[in-house]
Amino acid sequence: KKKKNLMNTPEDITAFREEYCKPYNGPVVGVDHLALTCSDLKKTLDFYCKGIGFPLLKVIEVDGHGWHIFLDMGNGESLAFFWFAKGKPHAPGIANAVSLTKITTAPGSMNHVAFRVQSYSSLVSFRKQLISRGIKVTPVVHHGPDSVTAKFQPDSTEFSSVYTHDPDGVMLEFVYTNTDLTRCDLHVKTDPRKLGAPDRRIVRAAKL
């Protein structure tokens, strides 16, 4: 008998909201670091340190197998990378998302990494900085309850995002959050049956 996919009906999502959407009350205060894998330390450092602006914090040798580096991404949190002398081959579409139009990845993968920015204006400004540094980015994409649009709507836009890829194809998102993520009722009330397809004019540039 074929196993049911628990995420394939609006009724399932509604049940999940009722069971799991509760205020957090635990000891965890945030992300210490995320650890990805890179194929070339120099290219990774050039991209993240010079292109994105994350300073190098620490380098650790991994028992003769490679290196583990930590980059400062602000707020006391780090983005880390392993480089292995005998690493595995790239697996686009399995280990990471290829683009906004090819978003599916394998279970257990890091689909993409999202970095929060302070305001919508800082997102727009940072996008211009990335372009000036030779980094290819998408237009600003606005995510609302029912659609993805090209225009920011203060009353309906929940997230405004700019996307790019690092040298190994990891999809990166820089996002301004225009909603209260501590309020379940404001964040997860979107009805899956009402979700519209992304505006193709908006996501076309995401094929980086």
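Preceding this paragraph is the structure being described.
Calculation criteria
Residues numbered from 1 in each chain as written. Predicted model: local features only at pLDDT ≥ 70, side-chain atom pairs only at ≥ 80, totals over all residues. Heavy atoms only, no water. Helix = DSSP H or I, 4+ residues; strand = E, 2+ residues; numbered from the N terminus. Expected span 1.5 Å × (residues − 1). Buried < 20%, exposed > 50% of the residue type's maximum accessible area, 1.4 Å probe, protein only. Arc of directions from axis to C-beta. Contact = heavy atoms within 4.5 Å. Core = buried A, V, L, I, M, F, W, Y, C linked by side-chain atoms within 4.5 Å. Pairing = 2+ DSSP bridges. Axes fitted to C-alpha atoms, helices over the stretch in contact; angles between N-to-C directions.

Caption draft 1: View of helix α2 (residues 41–52). The end-to-end C-alpha distance of α2 is 15 Å, a good match for the 16 Å that 12 residues give at a rise of 1.5 Å each. Residues Thr 44, Phe 47, Tyr 48, Gly 51 and Ile 52 constitute the buried set of α2. Burial along α2 is one-sided: seen end-on, the buried residues are contained in an arc of 105°. In this structure, α2 carries Lys 42 and Lys 50 as exposed residues pointing more than 90 degrees from its buried face. Each element contacted by the buried residues of α2 is listed here: β1 (33–38), β3 (66–72), β4 (78–84), α3 (120–132), β8 (159–165) and β9 (171–177). In the stretch just after α2, Gly 53 is the one whose phi turns positive, near 100°.

Caption draft 2: Quick peek at the nonpolar core. One finds Tyr 48, Ile 52, Phe 81, Leu 172 and Phe 174 to be the most contacted residues of the largest nonpolar core, which totals 24 residues. Counting residues in each nonpolar core, the second largest holds six residues, with Ala 97, Leu 100, Val 141 and Tyr 163 among its members.

Caption draft 3: View of the sheet that holds β8. Pairing within the open sheet is mixed, and its five strands lie in the order β5-β9-β8-β6-β7. Edge positions in the sheet fall to β5 (113–116) and β7 (148–149), since each of these pairs with one other strand and no more. Docked against the sheet, α3 engages β6 (141–143), β8 and β9, running at close to 150° with respect to β9.

Caption draft 4: Structural detail: unusual backbone geometry. Even without a glycine there, the phi angle at Asp 63 is positive, about 45°. When you line up the elements, Asp 63 lands in the loop between β2 (56–61) and β3. Unlike most non-glycine residues, Asn 75 shows phi in positive territory, near 60°. With respect to the secondary-structure elements, Asn 75 resides in the loop between β3 and β4. When its relative accessible area of 70% is taken as the criterion, Asn 75 is described as exposed.

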